[in-house]
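Summary of the model geometry
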Amino acid sequence: MQAKAAVALPPDTLADDRLTGEDLSHDAALVAAALRRRRLLRVLPWLVFVGMLILWEGVVRLFGIPEFVLPAPTVVGATIWKWWTPILVNAQHTFITTLVGFAFANILGLTLGVLIGSSTYVYHGLYPLLIAFNSIPKVALVPILVIWFGIGTPSAIVTSFLISFFPIAVNVAAGIATVEPELRDVLRALGAKPIKIVRKVGLPRSMPYYFASLKIAITSSFLGSILAETIAGQRGIGHLMIVASSRFEVPLVFAGVVVTAVMSVAMYAVAALIETRTISWATRGQGDNSVTGV
Amino acid sequence: MVEPERPAPSAGATGPAFVEIDRVWMRYGGAGGTLALRNTSLSVAQQEFVAVVGPSGCGKSTLMRLVTGLWPASAGSVKVAGKKVDGPLSIAGMAFQNPTMLPWRSILDNVMLPFEVVEPHPGRLRRERALYEDKCRALLKLVGLDGFEKKNPWQLSGGMQQRASLCRALVHEPALLMLDEPFAALDIFTREDLWSVLQNLWLARLPTVILVTHDLREAVFLADRVLVMTSRPGRIMVERKIDLPRPRTREMTYSPYFQEMVQDLRGHIDRARQDEDVAHAG
Ligand SMILES: Nc1ncnc2c1ncn2[C@@H]1O[C@H](COP(=O)(O)OP(=O)(O)OP(=O)(O)O)[C@@H](O)[C@H]1O
Ligand SMILES: [Mg+2]
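Note that the structure is predicted; figures quoted are calculated from it, not measured.

Thresholds applied
- Residues numbered from 1 in each chain as written.
- Chains lettered and ligands numbered in written order.
- Predicted model: local features only at pLDDT ≥ 70, side-chain atom pairs only at ≥ 80, totals over all residues.
- Heavy atoms only, no water.
- Helix = DSSP H or I, 4+ residues; strand = E, 2+ residues; numbered from the N terminus.
- Rg over C-alpha atoms; globule rule 2.2 N^0.38 Å.
- Contact = heavy atoms within 4.5 Å.
- Areas by Shrake-Rupley, 256 points an atom, 1.4 Å probe, with all protein chains shown as cover.
- Buried < 20%, exposed > 50% of the residue type's maximum accessible area, 1.4 Å probe, protein only.
- Pairing = 2+ DSSP bridges.
- Axes fitted to C-alpha atoms, helices over the stretch in contact; angles between N-to-C directions.
- Salt bridge = Lys/Arg side-chain N within 4 Å of Asp/Glu carboxyl O.
- Buried area = accessible area lost by both parts, 1.4 Å probe.
- Polar contact = N/O pair within 3.5 Å; in protein donor to acceptor, adjacent residues only side chain to side chain.
- Nonpolar A, V, L, I, M, F, W, Y, C, P; charged D, E, K, R; others polar.
- Donors = N, O, S within 2.8 Å, 3.2 Å for Na, K, Ca; no water.
- Domains from an automatic or database assignment.
- pLDDT = per-residue confidence, 0-100.
- Near = heavy atom within 4 Å.
- Phe/Tyr/Trp six-rings, centres within 6.5 Å; stacked < 30°, edge-to-face > 60°.
- Core = buried A, V, L, I, M, F, W, Y, C linked by side-chain atoms within 4.5 Å.

**Here's the deal with the overall build of chain B**
Within chain B one finds eight helices and 10 strands. For 282 residues, the compact-globule formula gives about 19 Å, and the C-alpha radius of gyration of chain B, at 19 Å, lands near that figure. When its C-alpha atoms are laid out on the principal axes, chain B stretches across 60 × 50 × 40 Å. Put simply, of all contacts in chain B between residues at least 6 apart along the chain, 68% involve residues at least 24 apart. Surface exposure of chain B reaches about 12700 Å², of which carbon and sulfur atoms provide 51%.

Right, dumping it as structure tokens:
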């Protein structure tokens, strides 16, 4: 019988399967290298940032650039320190204005996005209009908004809303409209009604798109409120900057820019954090989402 | 492990048809599109277990989609439980050829999905969640997925996802079970284990089952009746009744009757494939 001729492998070939000490140390080296790489990646933006500040300071001092053209970072820092209270009060005002506009943008953007994404009729009826609307430069709208809502905070809220609403709506709609037919069929095969399909597949599927849009929307939201404040504000960082600029207090204008950037980046970070917390499934838990892996 | 032998429920095949496909045509994508089914008729009795085999691309998955109402037929009529199918059914459980797990849900939550959709479960779900979860866990354990309930779909191998997809198809005990190559991604040993699991589940509740497979032994082992389809555009070419008692055992697969059955089906499939070659040459 041929079959009987099969022999068991000698035991030492099995032993080769086990990890030897050398393998383990190699493994440890890889882990250490990965750790170093991750640490480098984390400090990289800070290094670049500090480098830029030093360059800026150096150029200003080297060429003796006057303060009312380009103040050095140290001067801007000192200005922030000196005008701390008015900056804080105005920043707080801008922050709240922005968040209110942003909140409205979320509510309406999500609602409209879901409607557009889940109904062919709404899609064809509204989507072209939305695109057309978005190509209007919003700056041109501010004077009209001022006529409607008066000088001050309401106009800023509306501007902030108008600018950030669009990316949210479009992204959510795209997320729902591009649901894989296979995933939809899983629900359809169970006899699910359209609303249930949107709830169980459309919405979860659009969340990565939604969070991606949030990161764009929050920064545009700041842009909107500050824009309105500079044109027709009585308070807020935008107003502070325009007043400072009319008095040629250029360092104070720069201080406003810095404070705005800090708020904007902080909100961006919050949005990014929520994103990684809630939709790790979209990156299959790998987090590192560059296409090339480099 | 001697279980009492039940009479093969295929005796019910003489009863009223549960699934009735009458001269159905299916063409994808308008007038110039692919003709997938041509004048296909078949009927499946209540509580019958039917297997459909046929060369790749002959329209088996298409047939499944028509029966569950996911696609409308181009011509002809499809009836399930005496009613004309004019939209997705809610009495069917379907395991798709690709194990389409929702990637944002854990395996357990994927298997729970039917309970969130199919009446009367959604109303009870909040109160009796634990009960429902236990049921899903038990089923996952049965297919060898215990310990993976909380994992995300992409953390499972293809074959494991397919098993989870099988669980999702039958967890809510649908009256009609549509299985599109549910074991295709599994090794032969796991596969044969799951044949028995599926057979036991079927014997326990006797749903009507339509199983698509490429594995002729699987078809003969599980089905009351095996249907062979021609190559595309597909039609039922031959049907074979399998006269083996239930529950069927692995020993039966070695019997001359079983082997003959497989050989016979094999011959028909070969013929179907040759027809295809001729059609392509012509
Ligand atoms: N969505 C679709 N659009 C257009 N053509 C399709 C579509 N789905 C299937 N077809 C065509 O219909 C024919 C039958 O496909 P089907 O998926 O039913 O085959 P199958 O028998 O399930 O094959 P397999 O055994 O490989 O799964 C194929 O020729 C395919 O090209
Ligand atoms: Mg198929």
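**Notes on the overall build of chain A**
What chain A contains, in helices and strands, is 11 helices and zero strands. The order of helices and strands in chain A, counted from the N terminus, is α-α-α-α-α-α-α-α-α-α-α. Each of the 294 residues in chain A was classed as buried or not, and the buried ones make up 38%. For chain A, long-range pairs separated by at least 24 residues make up 75% of all intrachain contacts whose partners lie at least 6 apart in sequence. For chain A, the exposed surface amounts to about 17800 Å²; the carbon and sulfur share of it is 71%.

**Overview of the sheet that holds strand 9 (residues 225-229) of chain B**
All names here are of chain B. Pairing in this open sheet of six strands is mixed, and the strands run 6-7-8-3-9-10 from one edge to the other. Two strands lie at the open edges of the sheet, namely strand 6 (92-95) and strand 10 (236-241), each paired on one side alone. Adjacent strand axes in the sheet meet at a mean angle of 15°, parallel and antiparallel pairs treated alike. In this structure, strand 7 (residues 176-180) lies alongside strand 8 (residues 208-212), joined through five bridges in parallel fashion. The residue of strand 8 that forms the bridge with Leu179 is Leu211. Its contacts with the sheet place helix 1 (residues 60-67) against strand 3 (49-53), strand 6, strand 7, strand 8 and strand 9, and it is angled at close to 155° to strand 7.

**Structural notes on the pattern of salt bridges**
All names here are of chain B. This structure, assessed with the given rule, holds 23 salt bridges over all chains. One salt bridge in this structure joins Arg225 and Glu48, with 2.6 Å as the shortest N-O distance. A residue pair is termed long-range when its members are at least 10 positions apart, and Arg225 in strand 9 and Glu48 in the loop between strand 2 (35-45) and strand 3 qualify at 177 residues. Judged by relative accessible area, Arg225 falls into the buried class, the value being 10%. We note a salt bridge from Glu239 to Arg225, for which the minimum N-O separation is 3.1 Å. Here Arg225 lies in strand 9 and Glu239 lies in strand 10, a separation of 14 residues in the sequence. One salt-bridge network, held together by shared partners, links Glu192, Asp193, Arg217 and Arg250.

**Section: the interface of chain B and chain A**
Contact residues are listed per partner, giving 22 residues for chain B and 19 residues for chain A. Buried area between chain B and chain A, summed over both chains or domains, comes out near 1900 Å², and the portion from carbon and sulfur atoms is 72%. If you sort the residues of chain B by the area they bury against chain A, Trp104, Val117 and Trp154 of chain B come out on top, with a joint share of 35%. Here Glu116 of chain B and Lys200 of chain A are joined by a salt bridge, their closest N and O atoms 2.7 Å apart. Applying the counting rule to chain B against chain A returns four residue pairs in polar contact (both at pLDDT 80 or more). Elements that contribute at least two residues to the side of chain B that touches chain A include exactly strand 6 and helix 2 (107-117) of chain B. Examining the composition of the side of chain B that touches chain A, we find that four residues originate from one element, helix 2 of chain B, more than from any other. By residue class, the composition of the side of chain B that touches chain A is 16 nonpolar, three polar and three charged.

**Points about the coordination of the magnesium ion (ligand 2)**
Each donor-metal-donor angle would ideally measure 109.5 degrees in four-coordinate tetrahedral geometry, or 90 or 180 degrees in six-coordinate octahedral geometry. Residues and elements named next belong to chain B. The protein atoms donating to the magnesium ion (ligand 2) are Ser61 (OG) and Gln97 (OE1), with metal-donor distances spanning 1.9 to 2.2 Å. With Ser61 in helix 1 and Gln97 in the loop between strand 6 and helix 2, the pair connects residues that are 36 residues apart, well separated along the chain. Since its relative accessible area comes to 37%, Gln97 is described here as partly exposed.

**So, the domain arrangement of chain A**
Where the parts come together, the accessible area they lose is often given as the size of the interface. Domain annotation for chain A reports domain 1 (11-63) and domain 2 (73-283). A straight line from the C-alpha centre of domain 1 of chain A to that of domain 2 of chain A covers 35 Å.

**Overview of the confidence of the model for chain B**
All names here are of chain B. Across chain B, the average pLDDT comes to 86, with 92% of residues at 70 or higher. Confidence over residues 1-13 falls short of pLDDT 50; this stretch has 20 contacts with residues more than four positions distant or in other chains. Here the predicted complex carries an ipTM of 0.84, next to a pTM of 0.80.

**A look at the sheet that holds strand 1 (residues 17-27) of chain B**
Residues and elements named next belong to chain B. If you walk across this open sheet you meet the four strands as 2-1-4-5, and the pairing is antiparallel. Of all the strands in the sheet, the pair left with one neighbour each is strand 2 and strand 5 (83-84). Strand direction decides the pairing type here: strand 1 and strand 2, joined by seven bridges, are antiparallel. Pairing of Val24 across the sheet is with Thr40, part of strand 2.

**Regarding helix 8 (residues 181-188) of chain A**
Taken together, the buried positions of helix 8 of chain A are Leu183, Asp185, Val186 and Leu187 of chain A. In this fold, the buried residues of helix 8 of chain A make contact with helix 9 (194-232) of chain A together with helix 2 and helix 5 (158-170) of chain B.

**A look at the site of ligand 1**
Residue and element names in this part refer to chain B. In the vicinity of ligand 1, 16 residues are found, and the nearest of them are Ser56, Gly57, Lys60, Ser61 and Thr62. Between ligand 1 and Thr62, the relevant distance is 2.5 Å, taken from an oxygen atom to a side-chain nitrogen or oxygen of the residue. With the chains in place, 70% of the 630 Å² that ligand 1 exposes on its own is no longer accessible. It is helix 1 that contributes the most residues to the shell around ligand 1, four residues altogether. Across the shell around ligand 1, the residue classes break down as four nonpolar, eight polar and four charged.

**Remarks on the packing of aromatic side chains**
Inspection of the entire model under this criterion finds nine aromatic pairs over all chains. When the ring of Tyr210 of chain A is compared with that of Phe211 of chain A, the centres are 5.3 Å apart and the planes differ by 55°; the resulting orientation is tilted. An identical accessibility class is assigned to Tyr210 of chain A and Phe211 of chain A; each is buried. With a centroid separation of 5.1 Å and an interplanar angle of 85°, the aromatic rings of Tyr28 of chain B and Trp71 of chain B are classed as edge-to-face. Linking Tyr28 of chain B in the loop between strand 1 and strand 2 with Trp71 of chain B in the loop between helix 1 and strand 4 (75-80), this pair joins segments that are 43 residues apart in sequence.

**Remarks on the nonpolar core**
Counting residues in each nonpolar core, the largest one holds 91 residues, and the members touching the most others are Ile87, Leu130 and Leu187 of chain A together with Val19, Ile21, Val80 and Leu176 of chain B. Not counting chain neighbours up to four residues away, the residues in contact with Val19 of chain B comprise Leu42, Ser43, Val44, Val67, Lys79, Val80, Leu176 and Ile210 of chain B. The next biggest cluster of nonpolar side chains, apart from the first, holds 55 residues, and it includes Val111, Tyr132, Ala219 and Leu265 of chain B.

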